[in-house]
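In case you want the letters, here they are:
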Amino acid sequence: MRLVVGLGNPGTQYQGNRHNVGFMVVDELLRRAGGPAGRSTFGAVVAVGPRAAQRVLFCKPMEFMNVSGQAVARVAQFWKVGPAETVVVHDELDLPFAQLRLAPGGGPGGHNGLRSIIADWGTPDFARVRVGIGRPPPGSDVAGYVLTNFPRAEQTELPHLVSEAADAVEAMLREGVTPAMNKFNVKKKK
């Protein structure tokens, strides 16, 4: 079994926030899988579905971002899925909007959700799909930026971005991290 975690914050008030793009990608993957309804357990919404000829556990932690690792660790422990079998999808300030970067592991890079998962698992060795949301203007509040909805101009591109990120997750599950990185870690032409 593989585990796909989408990071975000629970509650309808955060639904369209930049910080919730991980939830959006997991929702798209569930839609593609035929939409097995998730159920609340271990502090997360969890659904099991077939993807890439294997069983995949989809997880959206329902605890706030800075403690989301607790739910991820509980879910992974119950289903006996380790970090090496896990893909975490999250927003990334250090990438321009609509750019993706796949990685086999790494540090938290200032992302509180990743920091929480690393702390609760004791390792940074899980794959990531980093979804670019861009940086706020200099001097702006970063927390306020990630907790606001995508602006109208970006909302028109958002479905394509979410779909491409879901494609990247499926490629990681089907082909492995390195082949997926070779396919998706390319700079987009302006």
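Just above, that's the structure.
Thresholds, definitions, all that
- Residues numbered from 1 in each chain as written.
- Predicted model: local features only at pLDDT ≥ 70, side-chain atom pairs only at ≥ 80, totals over all residues.
- Heavy atoms only, no water.
- Buried < 20%, exposed > 50% of the residue type's maximum accessible area, 1.4 Å probe, protein only.
- Helix = DSSP H or I, 4+ residues; strand = E, 2+ residues; numbered from the N terminus.
- Contact = heavy atoms within 4.5 Å.
- Salt bridge = Lys/Arg side-chain N within 4 Å of Asp/Glu carboxyl O.

Trainee: I would appreciate a short explanation of helix α3 (residues 112-121) in the present structure.
Mentor: Residue pairs three or four apart in sequence face the same way in an α-helix, which turns once every 3.6 residues. Turning to α3, its buried residues are G113, L114, S116, I117, I118 and W121. The elements touched by buried residues of α3 are β1 (2-6), α2 (68-79), β5 (86-92) and β7 (127-132). Backbone geometry just after α3 places G122 at a positive phi near 80°.

Trainee: Can you help me understand the pattern of salt bridges in this one?
Mentor: Note on pairing: side chains with opposite charge can pair once their charged atoms come close. Inspection of every chain in the model, using the stated rule, returns 9 salt bridges. Residue K60 pairs with D27 through a salt bridge whose shortest N-O separation is 2.7 Å. Taken as a pair, K60 in strand β4 (residues 54-61) and D27 in helix α1 (residues 21-32) lie far apart in primary sequence, 33 residues in all. By relative accessible area, K60 is classed as buried at 13%. Looking at D27, the relative accessible area reads 36%, which means it is partly exposed. The salt bridge partner of E175 is R174, with a shortest N-O separation of 3.2 Å. A single network of salt bridges, built from pairs that share partners, joins E28, R31, R32, D167 and E170.

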